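Chain and residue survey
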Amino acid sequence: MGDDDKALEYLIKSYNLTDVKKTKGYIAQDIGVIYNHKGDKEEALKFYNKSVKNDPHNSSSLRMIALLGGSKGKVELLKIAEEAFDNVKNKYERGEVLYCLADSAKANKEYDLAIDFYKAGAKHILESRIEGKHYHPRRKSQIAKFLLEIFNNYNPELPCSNLQDDITKTFIVGMPRSGTTLTESIIGAHSKVEPLGELGFLMGAVNRVDFKQSEVSKHDGIVEFSERIMKSYSKPVDKKANGKEFVIDKLPANAHVIGFALAGSENTKVINLDRDPVAVAWSLFSRFFPASQMAFSYDIDMILNDYKMYMLMMNYWHQKFPGRIFDLNYEKMTFEQEETTIKLIEYYGLELEENCLNFQNSERLVKTASSQQVKQGMYQGSSKEWKKYGSFLDQY
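As the structure is a computational prediction, the values presented were derived from the model and not from experiment.

**A closer look at the overall build of the protein**
Per the secondary structure count, the protein includes 19 helices and 5 strands. The C-alpha atoms of the protein give 22 Å as radius of gyration, which agrees with the globular expectation for 396 residues (21 Å, within 12%). When the backbone C-alpha atoms are referred to their principal axes, the protein occupies close to 65 × 50 × 40 Å. Across the 396 residues of the protein, 53% fall into the buried class. Sequence separation of 24 or more characterises 74% of the internal contacts of the protein that already satisfy a separation of 6 or more. About 18900 Å² of surface is accessible on the protein, with carbon and sulfur atoms providing 49% of the total.

Here you go:
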């Protein structure tokens, strides 16, 4: 029995033992979360509905019911959501309820109404993040400026590190909602690869390893500093490898610091996802993200600025590390699955396995916003979803 199955067992026992309505609501919500990560939509909806039955003001469960399509045609649920909006106290919870109403309108093909709810929900969430000092809009640009100053001293014509990791690290980067989870699921289905989801260890290592400005003023100093970062990164990551030759870290934000991984290890692999930027922008804006670092997704202008910064950094890394980054187009991957999968696996120097083409059958939990999509297999057409909301997006 895996850790998640044990958690389910204990949570279900706890749910049955308590008679406190609000507590039952929270426990049912947690059970729904696990089933959602498993890709079991039916069981997830069952427990999210139990959560709302016990606690009608549970904004997170209301939002998830609508996101999973469980509010379509359910007038009673929409009444509960409207009542919850009037009763919940803070902007964050109100924002969640508004996303519930937005996804419900979308399910009923009321796209203009959905836009109004998405805009209102996004405004509430962004304000709650900034007022609570959980998000600092300038931080990414400050980090980018700092990194560009360091790597200006890195010469791509000189040798990078000759450090060879026993366990090869792969970083899948790109804008959030660009296909990083799908790519990880395809490669991670191979018997020699261990997918680890989104890790914060690389950024943590960059922040943790001490250095003096003079130490990174020359090429060799940058390489040495990068080696120290990768050794620090490897300590916690190698313990998670489960005996595999390759591990995957798919945190999109690693795009900003990926230069250290490339300079600090000879066998680091980087896969960069490219997707229609309008599709990315809409997919971000219309999806609720609980993580504070995703607060930029609640404002289209901020999304566009983040996209420009991401493109600036990736173009820069391509110049500094020519030939070491594998560029992957999301739309091509969805329409040419087998051809793209073969090229991905060849990038690793491995042989194709059938599991890589049938990645949706994996029992691995997916703990990102794409948990349901990847369990359905390859899906075509998602990059055209934004066209239903052209009246709103055209102004950008």
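**Some thoughts on unusual backbone geometry**
Residue R177 is not a glycine yet carries a positive backbone phi of 70°. Note that R177 resides in the loop between β1 (168-173) and α9 (180-188). Positive phi values are uncommon outside glycine, yet N242 reaches one of about 60°. Here N242 is to be found in the loop between α11 (219-238) and β3 (246-249). Judged by its relative accessible area of 56%, N242 is exposed.

**Topic: the nonpolar core**
Grouped together as the largest cluster of nonpolar side chains are 72 residues, with contacts concentrated most on F151, L202, I258, F260, W282 and W317. If one sorts the elements of this core by residue count, helix α14 (residues 300-320) sits on top with 10 residues.

**Digging into α14**
Its 21 residues give α14 an end-to-end C-alpha distance of 30 Å, which sits within 8% of 30 Å, the value for a rise of 1.5 Å per residue. Among the residues of α14, those classed as buried are I300, M302, I303, D306, Y307, M309, Y310, M313, M314, Y316, W317 and K320.

**Considerations on the pattern of salt bridges**
Under the definition given, this model contains 16 salt bridges. When the shortest N-O distance is used, the salt bridge between D5 and K38 registers 3.0 Å. Taken together, the residues D5 in helix α1 (residues 3-17) and K38 in helix α2 (residues 21-38) connect sequence positions 33 residues apart. Through salt bridges with shared partners, a single ionic network connects K91, K123, E127 and E131.

**Some thoughts on helix α5 (residues 75-87)**
Helix length check: α5, at 13 residues, gives a terminal C-alpha distance of 19 Å against a target of 18 Å (1.5 Å per residue), a fit within 8%. Buried residues along α5 sit in contact with α3 (41-54), α4 (59-67) and α6 (91-107).

**A short note on the packing of α5 against α6**
With their axes 9 Å apart at the nearest point, α5 and α6 run at an angle of 155° to one another. The angle between α5 and α6 places the two elements in the roughly antiparallel class. Where α5 crosses over α6, the handedness of that crossing is left-handed. Taken together, the residues of α6 that come into contact with α5 (itself represented by L78, A81, E82, A84, F85 and D86) are R94, V97, L98, C100, L101 and S104.

**A look at the sheet that holds β1**
Strand order in the open sheet formed by 5 strands is β2-β3-β1-β4-β5, and the pairing between neighbours is parallel. Unpaired on one side and paired on the other, β2 (193-195) and β5 (325-329) mark the two borders of the sheet. Within the sheet, the average angular offset between the axes of one strand and its neighbour, ignoring direction, is 25°. When β2 meets β3, the two strands line up parallel, connected through 3 bridges.

**Notes on the packing of aromatic side chains**
As enumerated under the stated definition, the model contains 25 aromatic pairs in all. Taking 5.3 Å as the distance between ring centres and 45° as the angle between the ring planes, the aromatic pair formed by F171 and Y233 counts as tilted. Highlighted residues: F171 in strand β1 and Y233 in helix α11, separated in sequence by 62 residues. Judged by relative accessible area, F171 falls into the buried class, the value being 0%. Taking relative accessible area as the criterion, Y233 reaches 1% and is therefore assigned buried. Measuring from ring centre to ring centre gives 6.2 Å for W282 and F392, while their planes differ by 70°; the resulting arrangement is edge-to-face. Residue W282 is located in helix α13 (residues 277-285), and its partner F392 is located in helix α19 (residues 390-393); the two are separated by 110 residues in the primary sequence. For the pair W282 and F392, one class covers both residues: buried. Members of the aromatic cluster, each reached through a chain of ring pairs, are Y92, Y99, Y111, Y118, W282, F285, F288, Y298, Y389 and F392. Over the ring of Y15 we find K24; its NZ or CZ atom is 3.9 Å from the centre of that ring. Positioned above the aromatic ring of F85, the side-chain terminus of R94 is 4.2 Å from the ring centre.

Parameters and conventions
The numbering scheme is per chain: residues are counted from 1 as the chain's sequence reads. Since the coordinates come from a predicted model, pLDDT governs what is reported: local features require at least 70, and pairs of side-chain atoms require 80 or more to be given and counted, while whole-chain, interface and lining totals use all residues. Just so you know, side-chain values use all the structure's heavy atoms and leave hydrogens and water out. In DSSP terms, a helix is any run of H or I states spanning at least four residues, a strand is any run of E spanning at least two, and both are numbered starting from the N terminus. The quantity called the radius of gyration is restricted to C-alpha atoms. Its globule counterpart is 2.2 Å times the number of residues to the power 0.38. Accessibility here uses a 1.4 Å probe with only protein chains present; expressed as a share of the type maximum, an area under 20% marks a residue as buried, one over 50% as exposed, and anything in between as partly exposed. Residue contacts are defined here by distance: any two heavy atoms, one from each residue, within 4.5 Å place the two residues in contact. Under the convention used here, a 1.4 Å probe and the Shrake-Rupley method define accessible areas, while residue burial counts only the protein chains that appear. Among the buried residues, those of types Ala, Val, Leu, Ile, Met, Phe, Trp, Tyr and Cys that are joined through side-chain atoms within 4.5 Å form a nonpolar core. Here the expected length of a helix is defined as 1.5 Å per residue gap, with one fewer gap than residues. Here a salt bridge means any side-chain nitrogen of Lys or Arg lying within 4 Å of a carboxyl oxygen belonging to Asp or Glu. To get an axis, fit a line to the C-alpha atoms, keeping to the stretch in contact for a helix; angles then go from 0 to 180 degrees between the N-to-C directions. Roughly parallel refers to an angle under 35 degrees, roughly antiparallel to one over 145, roughly perpendicular to one between 65 and 115, and oblique to any angle outside these ranges. Handedness of each helix crossing follows the sense of rotation of the near helix against the far helix: counterclockwise by less than a right angle gives left-handed, clockwise gives right-handed. Strand pairing requires that DSSP identify at least two bridges connecting the strands. Side-chain rings of Phe, Tyr and Trp (the six-membered ring for Trp) are treated as a pair once their centres are within 6.5 Å; stacked means planes under 30 degrees apart, edge-to-face means over 60, and tilted covers the remaining angles. By definition here, charges over rings are those cases where NZ of Lys or CZ of Arg is within 6 Å of the ring centre and within 35 degrees of the ring normal.

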